[in-house]
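Fold and geometry: a report
If you want the building blocks of each chain, they are given just below.
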Amino acid sequence: MNKVQLGSSDLQVTPICLGTMTFGEQVNEATAHAILDRSLARGVNFLDTAEMYSVPARAETFGATETIIGNWLAKTPGARQQLVLATKVAGPSRGMPWVREGSGMTAQDIVNSCEASLKRLQTETIDLYQIHWPERHVPAFGALYYDPAKEKSATSIHAQLEALGGLVKAGKVRAIGLSNETPYGVHEFVRLAEQHGLPRVATVQNPYCLINRTVENGLDETMHRLGVSLLAYSPLGFGLLTGKYDASGTEGPAAPQEGRIAKFASMRQQRWGRAEALAAARRYNALARTHGLTPTQLALAFCYTKWQVASTIIGVTSVAQLDENLDAWGTTLSSELLAAVDAIRWELRDPAL
């Protein structure tokens, strides 16, 4: 895999990134370390985490993922120097008071969270530090409409950039990014950075997969024109696009009990648990099989080969899953197959938006 540059930063990463939100909940520390060993051995140099992980979020596991990664870095000589390490500062609480006190995200929250992440990760510098979700109210995580009446923003984008700029100046962060962001947000972060001589965002980490292509509804043009790179998360739609739920559905005794949606009721209450999302996934999975591919190969190759995507974030619970996802690299999709994919989207749109 040739490395790609993230935005206008000096970060050079593989087009596949290992996501880690399962570490500390579905994945114990020993298995997580085995996955990290294998990922590094297979040439993946990009690792993504967040202060609020693992997921589903609980007070008892807050920070667990970063701690597991930090322990691995401490016992694996030379690993840190080979990796581009990304993590995230959580936005406003979203019902998680153990993550963020109060209802907003202040500039001091950003600084405090960075310091805590550095300690858990046992590193002196975070290569890519991202705002996990906007401080202002936006339709995200399955919400459809922007509602001005819900706006409670108390920390301006300028103030957030100043806090991030201070971390960059101090050498604690190399580059900054956003996540679950809108076209307006990306434009405003870039505009204010250029106006005030503050760090320019290098990346946006948003969902992008066969059952959620909302990035292509305007955000892709914004990012292309502004030179900001897309990090695509949930390329397998929380497992729906692997085919493992096709026969059983997502709940009940026949459902794969170690699958994230089957295992956690809270996951079934989110966008990935919608009946429409499963129905659409079944259509794409059947299409893959018709063309001699596994559902996983189609879903990952779709992201791996899209011009919009700089790096695809894969999340796994075993070394075998990691190998399967990495082995999908190099899969090509015919124009006929891509046209069939677009035909399904035209009919069913983005049920897991």
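A short tour of the structure in this document, coming up. Bear in mind the structure is a predicted one, so any value in this text is a computation, not a measurement.

1. Topic: the overall build of the chain
- The number of helices and strands found in the chain is 13 helices and 10 strands.
- Relative to the 2.2 N^0.38 estimate, which gives 20 Å for 353 residues, the radius of gyration of the chain is 19 Å and therefore close to what a compact globule would have.
- Dimensions along the principal axes, computed over C-alpha positions, put the chain at roughly 55 × 45 × 40 Å.
- Considering the chain as a whole, with its 353 residues, one finds that 58% of them fall into the buried category.
- Taking the contacts inside the chain whose residues are at least 6 apart along the sequence as the reference set, 77% of them involve residues at least 24 apart.
- As presented, the chain carries roughly 14,500 Å² of accessible surface, and 51% of it is formed by carbon and sulfur atoms.

2. Let's talk about helix α5 (residues 157-169)
- End to end, α5 covers 18 Å across 13 residues, agreeing with the expected 18 Å (1.5 Å per residue, within 8%).
- Within α5, the full set of buried residues consists of Ile-157, Gln-160, Leu-161, Ala-163, Leu-164, Gly-165 and Leu-167.
- At its buried positions, α5 is contacted by α4 (107-121), β6 (126-131), β7 (173-179) and α6 (183-196).
- A positive backbone phi angle near 80° is found at Gly-171, which sits one or two residues after α5.

Reading the values: the criteria
- Residues numbered from 1 in each chain as written.
- Predicted model: local features only at pLDDT ≥ 70, side-chain atom pairs only at ≥ 80, totals over all residues.
- Heavy atoms only, no water.
- Helix = DSSP H or I, 4+ residues; strand = E, 2+ residues; numbered from the N terminus.
- Rg over C-alpha atoms; globule rule 2.2 N^0.38 Å.
- Buried < 20%, exposed > 50% of the residue type's maximum accessible area, 1.4 Å probe, protein only.
- Contact = heavy atoms within 4.5 Å.
- Areas by Shrake-Rupley, 256 points an atom, 1.4 Å probe, with all protein chains shown as cover.
- Expected span 1.5 Å × (residues − 1).

Function cannot be inferred from these measures alone, as they are strictly geometric.
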